[in-house]
Structure formats: structure tokens, C-alpha cells
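Tertiary structure, described
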Amino acid sequence: MTAILVGDHSMAQRSLHRMPAQVGHGIRPLPAFGAQADWSERALQRTWRTVGGLCVLIGLVNAFVPVLPTTVFLLMGVWAYGKGDPALRERLLGHPRYGRSLRLWVERRQITRRGKVAAIAGISVSGAFTAVALGSRPLTWGIGAGLVGLCAYLATRPEPQPSH
């Protein structure tokens, strides 16, 4: 029996090639490779647009209710839209209020001094709340070390040259 299963499988392949396109059980054969790729590409683009939309929505809500940082979610939205909908990405990069900051980061990896101060202040407040809520334990110290590292990273990013 093992010889039949492992041995010559060409008989099984020949019988599959002779199957009609649609059998009585209603299962259709897979579409051609190109058609499958088109469908999966569209699904992937929809997924990236959805991720981008959720990030932008969270970012815009946080612009009015300061719970989480706005710019981080808008940057994630720009990234996701870049993969799923470049027109929405450009629209977000051209936004009158947030577009300049987003474009500075995306194109030059620069952060304005005002952005650095706001980000570091927000991270510091979050770290303080975390320390109070969790108390002194290894997790708190680990989170604190990560936040200090993040603040150092932000502080060392280049700033844009002042425009004349």
C-alpha cells in the first residue's frame, strides 16, 4: 500500500487532468495564476487602505481627545496608504495642518523642535502615569528604559533648516 501512495503518482495526475471543468459537487477549478494574483493584489490593497484609514481615524480622534499621539498614527496611515492607495497618501501629505510635519519625516527623517518637545513631553507624562499605575517593579523599569531610549532617538533627529 505504501508503494502505491509514495510510488508512481503520475496516474493520479493524469486523472486530475481528465476531470471536467465543473463536477456535480459544485467545486470549480482554481482560476489561472494571473487571475489569482489580481484578486490577491486587490485584497492586499484594500487591506492596506483599511489599515491606513484606521490609523488616520485614530490620529484624527486623538487630535481632539489627547489620549494617544496624533502624528504617530498619521505616519502609520501615510505608510499604509503608500502601499494601498498612493492618492490618499499624497492627500494626507498635503494636509494643511499635519502635511508639513508628515512630509518632513517621510522625505528627510526630520522633526521640528516644537514636534520634538511635544513628543518628549507626551512620552514623559505617559511614563509618569505608567510608573504610578504599576509601581516600582521590573516591568516599570523596562518600560521606562524603552521610553528614555525613544526620547533620546527623537532628540537626536535632525531639525529642518529655518526658511527665510
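Each chain carries its own residue numbering, running from 1 in the direction its sequence is written. At least 70 in pLDDT is required for a residue's local features to be given in this predicted model, at least 80 for side-chain atom pairs to be given and counted, and no such filter applies to totals for whole chains, interfaces and linings, which use all residues. Think of the side-chain values as coming from all heavy atoms in the structure, minus any hydrogens and water.

Helix and strand definitions follow DSSP, with helices as H or I runs of at least four residues and strands as E runs of at least two, each counted in order from the N terminus. A tally of helices and strands in the chain yields 8 helices and 0 strands. Ordered by position in the sequence, the α and β elements of the chain form the string α-α-α-α-α-α-α-α. Within the chain, the proportion of its 164 residues that are buried is 18%. Contact definition: two residues touch when any of their heavy atoms are within 4.5 Å. Expressed as a percentage of contacts within the chain between residues at least 6 apart in sequence, the contacts between residues at least 24 apart total 53%. A total accessible area of about 12400 Å² is found for the chain, and carbon and sulfur atoms account for 66% of it. A 1.4 Å probe rolled over the protein chains alone gives each residue an accessible area, and that area as a share of the maximum for its type sets the label: buried under 20%, exposed over 50%, partly exposed in between. Per-residue and other accessible areas follow the Shrake-Rupley method at a 1.4 Å probe size, with only the shown protein chains counted as cover for residues.

The subject of this paragraph is helix α6 (residues 99–108). Those residues of α6 that fall on the buried side of the exposure criterion are G99, L102, L104 and W105. Packed against the buried residues of α6 are α4 (70–84), α5 (86–93) and α8 (138–155). Once α6 ends, the next one or two residues include R109, with phi positive near 55°.

Looking now at the packing of aromatic side chains. Two rings from Phe, Tyr or Trp (for Trp, the six-membered ring) form a pair when their centres sit within 6.5 Å of each other. Planes less than 30 degrees apart are called stacked, planes more than 60 degrees apart edge-to-face, and all others tilted. A full pass over the atoms with the stated rule returns 1 aromatic pair. Between K83 and the ring centre of W48, over which it is positioned, the NZ or CZ distance is 5.5 Å. Put simply, a charge is over a ring when the Lys NZ or the Arg CZ is close to the ring centre, within 6 Å, and near the line of the ring normal, within 35 degrees. Positioned above the aromatic ring of Y153, the side-chain terminus of R157 is 4.1 Å from the ring centre.

With phi around 55°, R109 is a residue other than glycine that occupies positive phi space. With respect to the secondary-structure elements, R109 resides in the loop between α6 and α7 (113–134).

Let's shift gears to α7. Spanning 22 residues, α7 covers 31 Å between terminal C-alpha atoms, matching the ideal 32 Å at 1.5 Å per step. Remark: G135 follows α7 within two positions and exhibits a positive phi of approximately 80°. Under the convention used throughout, the expected extent of a helix is 1.5 Å for every residue step, that is, one less than its residue count.

This part takes up the packing of α7 against α8. Lines are fitted to the C-alpha atoms to define the axes, a helix being fitted only along its stretch in contact, and any angle between axes, read from their N-to-C directions, falls within 0 to 180 degrees. Where α7 meets α8, the closest approach of the two axes is 10 Å, and the angle between their N-to-C directions is 175°. What the angle tells us is that α7 and α8 run roughly antiparallel. In this structure, α7 contributes K116, A119, I120, I123, G127, T130, A131 and L134 to the contact, and α8 contributes L139, T140, I143, L147, L150, C151, L154 and A155. Gly is placed with the polar residues, together with every amino acid not listed as nonpolar (Ala, Val, Leu, Ile, Met, Phe, Trp, Tyr, Cys and Pro) or charged (Asp, Glu, Lys and Arg). Class assignment of the residues belonging to the contact of α7 with α8 gives a composition of 12 nonpolar, 3 polar and 1 charged. Here the angle decides the label: under 35 degrees means roughly parallel, over 145 means roughly antiparallel, 65 to 115 means roughly perpendicular, and every other value means oblique.

For T70, the position within the fold is in helix α4. Given a relative accessible area of 14%, T70 falls into the buried group. Among residues more than four places away in sequence, those in contact with T70 are G59, N62, A63 and Y98.

With respect to the helices and strands, the residue A63 is situated in helix α3 (residues 33–64). Residue contacts for A63: discarding those within four places in its chain leaves T70 and Y98.

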